[in-house]
Amino acid sequence: MSETQVSQSNIGADEESLRMISSEPIGNEPVSDEELRPRALEGFIGQPLLKAQLQLFLDAARKRDVPPDHILLAGPPGLGKTTLAMIVANELQVPIRVTSGPAIQHAGDLASILSSLDEGEVLFIDEIHRLPRPAEELLYIAMEDFRVDVMVGKGPGASSIPLTLPRFTVIGATTREGMLPSPLRARFGFTAHLDFYPHEELERLIERSAGVLGINLAEGSAKQLSLRSRGTPRIANRLLRRVRDWAIVHDLDLIGPDDVQAALELYQIDSEGLDRLDLAVLNAIVKNFDGGPVGLNNLSAMVGEESETVETVCEPYLVREGFLVRTPKGRVATEKAWQHLGLVPKDDVNKLF
Ligand code: ADP
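Residues numbered from 1 in each chain as written. Predicted model: local features only at pLDDT ≥ 70, side-chain atom pairs only at ≥ 80, totals over all residues. Heavy atoms only, no water.

1. Topic: the overall build of the chain
Basically, it comes down to this: Where helices and strands are cited, they refer to DSSP runs of H or I of at least four residues and of E of at least two residues respectively, numbered from the N terminus. Each residue is placed in one exposure class: buried if its accessible area under a 1.4 Å probe, protein chains only, is under 20% of its type's maximum, exposed if it is over 50%, and partly exposed if it falls in between. Surface exposure here means Shrake-Rupley accessible area, sampled with a 1.4 Å probe, where a residue is shielded only by the protein chains that are shown. Within this scheme the basic residues Lys and Arg register as positive and the acidic residues Asp and Glu register as negative, but His and the chain ends are omitted. The location of each charge is read from NZ of Lys, CZ of Arg, CG of Asp or CD of Glu.
From N to C terminus, the chain includes 15 helices and nine strands. Taking the principal axes of its C-alpha atoms as reference, the chain extends roughly 70 × 50 × 35 Å. Buried positions account for 49% of the 353 residues belonging to the chain. With the model as given, the accessible surface of the chain reaches about 16600 Å², and the carbon-plus-sulfur share is 50%. A gap of 4 Å separates the mean positions of the 36 positive and 52 negative side-chain charges of the chain.

2. Concerning the site of the ligand
Where we set the bar: Residues are labelled near a given molecule or strand when at least one of their non-hydrogen atoms is within 4 Å of it. Throughout this description, a polar contact denotes any pair of N or O atoms lying within 3.5 Å of each other; where both atoms belong to protein, one of them has to be capable of donating a hydrogen while the other can accept it, and for residues adjacent in sequence the pair is counted only when both atoms sit in side chains. Each residue receives one of three labels: charged for Asp, Glu, Lys and Arg, nonpolar for Ala, Val, Leu, Ile, Met, Phe, Trp, Tyr, Cys and Pro, and polar for the others, Gly being one of them. The split of the chain into domains comes from an automatic or database domain assignment.
Neighbouring residues of the ligand: 18 residues in total, closest Ile 45, Gly 78, Lys 81, Thr 82 and Thr 83. Separating an oxygen atom of the ligand from a backbone N or O atom of Leu 79 is a distance of 3.3 Å. Within the side chain of Tyr 197, a nitrogen or oxygen atom sits 3.0 Å from a nitrogen atom of the ligand. For the ligand, the accessible surface in isolation is 560 Å², of which the surrounding protein chains cover 98%. Looking at the shell around the ligand, the elements with two or more residues in it are α2 (29–36), α4 (81–92) and α10 (233–249). Residues belonging to the shell around the ligand are distributed by class as follows: nine nonpolar, five polar and four charged. Mapped onto the domain boundaries, the shell around the ligand takes at least three residues apiece from domain 1 (33–193) and domain 2 (199–266).

As structure tokens, then:
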């Protein structure tokens, strides 16, 4: 939900392509994400196990006629956590209040939100791992006992008055589940882990989005897009919009796989979904460090990028797709990386990790 901080890029023209493959919303995307959000669990593509679990969880709450237990949604950005929270509220036909960890600066901010909730309401807290500690403590008491202590007065005369809250459901979303303290984690009755989407699911998602946006994709185009979307719905939808731009400018009624390829090449995204920064990283390891191992700082300096960007934007995908391995001694390029760069792997490439 938050505006993305796009870190300063030293590779100038790369900033655009870096943003293209960022899994955080950029520019006006929080708004454009809205039009593509499925409203019901049925329209939520993929993640079949999670959907079945959530469906059971919601059906049981409906049958018992009580608000469901609190829900934690964990997983990388852009995989559908906000969408699922909206779907839960919609399925239960209750209002949803949206906030985020960084937006709550003091425990008092949270106390005033909690004390204004209605019976059954859903409170969605994005980036819940970033709540300040006092707010976190207040939250888990509220989640367990449906009570919040409101401070009245100041100084030595201040006193706290317990306020009973209506039953509500917290849906927390986090990209860093490990950063949640265990007392808070223990208050959630259901934790869902969202994982990157396989290509076939992304293909269906792209077809659905194309339908919503009125984009005419020829056979094979959705597949081309899905292969370059880093397993992430938000990126898939973004690439689809850029391909739509291409079609508008070139007066195309039907977008073929060649058009997808041409449009994405313009944004420097290759057939494996790698952009110029990913390729710069792989090239640096292979050509400047003989395949690795190389430390993050040396690597970042070589590609002229901040180490945080290399670590959080590039590496997770490169590791997941088998181009790079993180070892205690540093980053190592795999055989697949050498081959992708059109090079013959070193003989001992597999002994490096
Ligand atoms: P997160 O909160 O995890 O960062 P969002 O829920 O905001 O991700 O999803 C980003 C975009 O991707 C939204 O436009 C949403 O509609 C779309 N999206 C995510 N997951 C799915 C899905 N499973 N099916 C259809 N669209 C999805």
